[in-house]
Amino acid sequence: MSVETGRDEPDGESAFGTVSRTKDVAFRYVALVATLVGIVSLALLLANVAADAVGWLDWQFLTSPPHPNPFEAGIFPALVGSIALMLLIALITFPLGVGAAIYLEEYASDGLLTRFIQINIANLAGVPSVVYGLLGLGLFVGLLNLGFGTLLVAGFTISLLILPIVIITSQEAIRAVPDSQRQASYGMGATKWQTIRNVVLPRAMPGILTGTILALGRAIGETAPLIMIGAPTTVFGVPNSLFSKISAMPMQIYTWAQYPETEFQYGVVAAAAVTLLVVFLAINSIAILIRNRYQQRTEQ
Amino acid sequence: MSTTDLSRDGVRSARGTAMRILFALCAFLSILTTVAIVLTLLLDAVDFFAAVSPLEFLTGTKWSPTNEPVAFGVLPLISGTLIVTFGSAAIALPIGLLTAIYLSEYASDRRRAYLKPALEVLASVPTVIYGYFALVYVTPVLDTFLPLSTFNALSASIMVGIMIIPMVSSISEDAMSAVPDSLRQASYGLGATKFTVSTSVVVPAALSGIFSSFILALSRAIGETMIVAIAAGQTPRMVDLTDPAGLFLDSIQTMTAAMVQIGASDVVGQSTAYKGLFAVGLTLFVITFAMNLVSEWVASRYREVYR
């Protein structure tokens, strides 16, 4: 009797312990698998598109204009259009974004207005890009009459779209500059603007650049705003003024993806998707390089 | 001597004031953007509502902006949007939450250091490429065992779901990391396993942050455009709950896809269809803006608790 109960109790406990430990280990693996689901599916899709692009992504494809014959089709005008668009967006968003960040971090008091601006910026970051497209259509095309699908309209529209991201990341970079350095500068008799120009901005610049370049990477993939402002579906030449109609790589992909031919679906579009991804990854790796160099320097 | 010093100071502070005003203008530009969005949407939407009654727009069950007979009921578009939102949420919310638990409670620092950036890539891939993936890779695979249309809500939902996983996981993980360690230690002290600590202590304590991430991710799914425009098709139809299989297997049209369709067609500036574009845009803007505000408000609650 006593022997049996003596046996039963530890048995019961260890069974309980095993169950909860099994559950623990099982949950750990379930969570790990869930973490990998997205990454693995993206990797599979990328492998697919890379395999399909083989034989299509060549020098002829990169240097030719679009063509109804898939074997002669190329992405050159869209590639140049995307790069021109990105440069214009960088020129607009960098000063505006950094300026707004400086105001919010260095000048603005902690009042109601500042909080309002801050909430407003956070909300703008969540407005769907297609709505920014409508803004561009209504404001720049309709009201200011800058023309359907021109480089200038596309640049303004997408700049407004990524501006909140540039502001938020620039603010983080400026906030990370230690206050002691500002105090030291004031102690030397420097004015606020001198302190910002000579102390805060140089320290914050790597972070600001990283954030801006990442935002540009996002800008290069934006499609919906371009459709809304009436960017033409096919452009054969490269833009030569701010008022030229432009195409961009995502726009070209969208147009080609609607063609029913297999050569387009699994050949030309795959090549265009890989080209866009390569440019996108190149931009992002520049941002990562800047961040890494900066991190090494601060560690020294 | 002192006068020159004073004048130099005067020049300096004049420049300082100028810079201050310049920077302030940059910050106010964000408010101007919001105002401009609301105004451009409203102006054309008001014109639209002069031609189509708001009641007809909000309760009509047929959307046919360019083909005769024209009809401007937004409900089919809203129901299409709901299908995709529901489908992508079914994928992204559980996976994102489990990912956040793994990153916050189980993963070593080293593993987290490469898993987190890898996950963030998911959110940054251009959506036109996701749309293309859904159309040419996901749909054919699903088609081998499901009776799918070429354009269908299922592939689009899966892709949108994968895209929004990092929005759930990174915000939820931040909320979980903000849970004080003392709560975990107390639970371990009572003999709890990591599973119990994660699900019964950390997740409930981080609930407001988790909810906030859910709302934000849903808002993204509602506003996502290119994936649904390419892969989900252009068939505006009402949710038919009597045919649950057909919900995801057939083509639908979301609000955003309808906007792209009108935007890409050559409707003229003064037509009702063109104005209708802005009415749909206004609806979309109001929904996502409200959700972003709620998410912001819910998130601010957990920040206050643990700071």
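All of these numbers come straight from a predicted model, not from anything done at the bench. (Residues numbered from 1 in each chain as written. Chains lettered and ligands numbered in written order. Predicted model: local features only at pLDDT ≥ 70, side-chain atom pairs only at ≥ 80, totals over all residues. Heavy atoms only, no water.)

**Comments concerning the packing of helix 3 (residues 75-106) of chain B against helix 4 (residues 109-124) of chain B**
Residue and element names in this part refer to chain B. The criterion, for reference: For every element, the axis is a line fit to its C-alpha atoms; helices are fit only across the contacting stretch, and the angle between N-to-C directions ranges from 0 to 180 degrees. Helix and strand labels come from DSSP, where a helix needs a run of H or I of at least four residues and a strand needs a run of E of at least two; each type is numbered from the N terminus. Roughly parallel means an angle under 35 degrees; roughly antiparallel, over 145; roughly perpendicular, 65 to 115; everything else is oblique. By the definition used in this description, the sense in which the near helix is turned from the far one sets the handedness, with an anticlockwise turn below a right angle giving left-handed and a clockwise turn giving right-handed. Any two residues whose heavy atoms approach within 4.5 Å are treated as being in contact. Residues are grouped as follows: nonpolar covers Ala, Val, Leu, Ile, Met, Phe, Trp, Tyr, Cys and Pro; charged covers Asp, Glu, Lys and Arg; every other residue, Gly included, is treated as polar.
Contact pair helix 3 / helix 4: the axes reach a minimum separation of 10 Å and the direction vectors enclose 150 degrees. One way to sum up the angle between helix 3 and helix 4 is to call them roughly antiparallel. Along this stretch, helix 3 crosses helix 4, giving a crossing that reads as left-handed. Listed contacts from helix 4 to T99, Y102, L103 and S104 of helix 3 are R111, R112, L115, K116 and L119. Across the contact of helix 3 with helix 4, the residue classes tally to 4 nonpolar, 2 polar and 3 charged.

**Concerning the interface of chain A and chain B**
How we decide: The term buried area means the drop in 1.4 Å probe accessible area that two parts suffer when joined, counted for both and summed. For this analysis, a salt bridge means a side-chain nitrogen from Lys or Arg found within 4 Å of a carboxyl oxygen belonging to Asp or Glu. Two N or O atoms count as a polar contact when they lie within 3.5 Å, although within protein this holds only if one can serve as hydrogen donor and the other as acceptor, and sequence-adjacent residues are included solely when both atoms are side-chain atoms.
If you look at the interface, chain A gives 74 residues, while chain B gives 74 residues. Together, the buried faces of chain A and chain B total about 6,500 Å²; carbon and sulfur atoms form 77% of this surface. For the pair chain A and chain B, the number of links is 0 salt bridges. The interface formed by chain A and chain B includes 9 residue pairs in polar contact (both at pLDDT 80 or more). The dominant element in the side of chain A that touches chain B, judged by the number of residues it contributes, is helix 1 (residues 2-53) of chain A, at 21 residues. Classifying every residue of the side of chain A that touches chain B by side-chain character gives 53 nonpolar, 16 polar and 5 charged.

**Some thoughts on the UniProt feature "transmembrane region" (unreviewed entry) in chain B**
Spelled out, the test is: UniProt positions are given in the numbering used here, feature names are shortened, and annotations may be inferred rather than shown by experiment.
As annotated by UniProt and renumbered to match this structure, "transmembrane region" (unreviewed entry) occupies residues 21-50, 70-103, 115-138, 144-165 and 276-299 of chain B. Summarising residues 115-138 of chain B: 92% helix, 0% strand, and an end-to-end C-alpha distance of 24 Å.

**Comments concerning the confidence of the model for chain A**
Residue and element names in this part refer to chain A. What counts is decided by this rule: A residue's pLDDT is the predictor's confidence in that residue, given on a scale from 0 to 100.
Averaged over all residues, the pLDDT of chain A equals 85, while 92% of them reach at least 70. Mean pLDDT across the elements of chain A ranges from a minimum in helix 1, with 76, to a maximum in helix 6 (residues 151-175), with 93. A low-confidence stretch, residues 1-12 stays under pLDDT 50, and its non-local contacts, those more than four residues away or across chains, total 1 contact.

**Examining the nonpolar core**
Put simply, the test is: Take the buried residues of types Ala, Val, Leu, Ile, Met, Phe, Trp, Tyr and Cys, join any two whose side-chain atoms come within 4.5 Å, and each joined set is a nonpolar core. Residue exposure (1.4 Å probe, protein chains only): buried if accessible area is under 20% of the type maximum, exposed if over 50%, otherwise partly exposed.
Core analysis: the largest hydrophobic core is formed by 165 residues, its most contacted members being Y130 and F133 of chain B. Broken down by element, this core gets its largest block of residues, 14 residues, from helix 11 (residues 262-299) of chain A. The residues contacting F133 of chain B, other than those within four sequence positions of it, are L42, L45, L46 and V49 of chain A together with V138 and M159 of chain B. Counting residues in hydrophobic clusters, the runner-up holds 27 residues, among them A100, A108, I121 and I167 of chain A.

**Considering the UniProt feature "transmembrane region" (unreviewed entry) in chain A**
All names here are of chain A. UniProt annotation of "transmembrane region" (unreviewed entry) refers to residues 29-51, 71-104, 116-140, 146-168 and 264-290 when read in the numbering used here. Helix and strand shares over residues 116-140 are 84% and 0% respectively, and the end C-alpha atoms of the span are 26 Å apart. Annotated as 78% helix and 0% strand, the span residues 146-168 places its first and last C-alpha atoms 29 Å apart.

**A short note on the pattern of salt bridges**
Residue and element names in this part refer to chain B. Evaluated as defined, the whole model comprises 10 salt bridges over all chains. For the salt bridge of D44 with K275, the shortest nitrogen-to-oxygen distance reads 3.0 Å. Taken together, the residues D44 in helix 1 (residues 2-51) and K275 in helix 13 (residues 272-306) connect sequence positions 231 residues apart. You'll find D44 and K275 in the same group, each marked buried.

**Comments concerning the environment of A229 of chain B**
Residue and element names in this part refer to chain B. Relative to the helices and strands, A229 is located in helix 10 (residues 226-231). Taking the C-alpha atoms as reference, A229 lies 8.9 Å from A156; in sequence the two are 73 residues apart. If near-sequence neighbours (up to four positions away) are discounted, A229 is found in contact with A257 and V260.

**Here's the deal with the packing of helix 4 (residues 112-124) of chain A against helix 6 of chain A**
Residue and element names in this part refer to chain A. The N-to-C vectors of helix 4 and helix 6 enclose an angle of 125 degrees; their axes lie 8 Å apart at closest approach. When the interaxial angle is binned, helix 4 and helix 6 end up oblique. For the element pair helix 4 and helix 6, the recorded crossing hand is left-handed. Facing helix 4, whose interface residues are Q118, I121 and L124, helix 6 presents P164, I167, I168 and Q171. Of the residues assigned to the contact of helix 4 with helix 6, the class counts are 5 nonpolar, 2 polar and no charged.

**Quick word on the environment of Y29 of chain A**
Residues and elements named next belong to chain A. Along the chain, the position of Y29 falls in helix 1. By relative accessible area, which is 51% here, Y29 ends up exposed. Sequence spacing of Y29 and A248 is 219 residues, and the spatial spacing of their C-alpha atoms is 43 Å.

**Here's the deal with the packing of aromatic side chains**
Residue and element names in this part refer to chain B. To keep it simple, the criterion reads: Here a Phe, Tyr or Trp ring, Trp counted by its six-membered ring, pairs with any other such ring whose centre lies within 6.5 Å, and the pair is stacked when the planes are under 30 degrees apart, edge-to-face when over 60, and tilted otherwise.
Here the structure, examined in full by the defined rule, presents 23 aromatic pairs over all chains. Their ring planes at 75 degrees and their centres at 6.0 Å tell us that Y132 and Y137 sit as a pair that is edge-to-face. Considered together, Y132 and Y137 belong to a single accessibility category, that of buried residues. Among the aromatic side chains, those forming a connected cluster through ring pairs are F48, F49, F57, W63 and F72.

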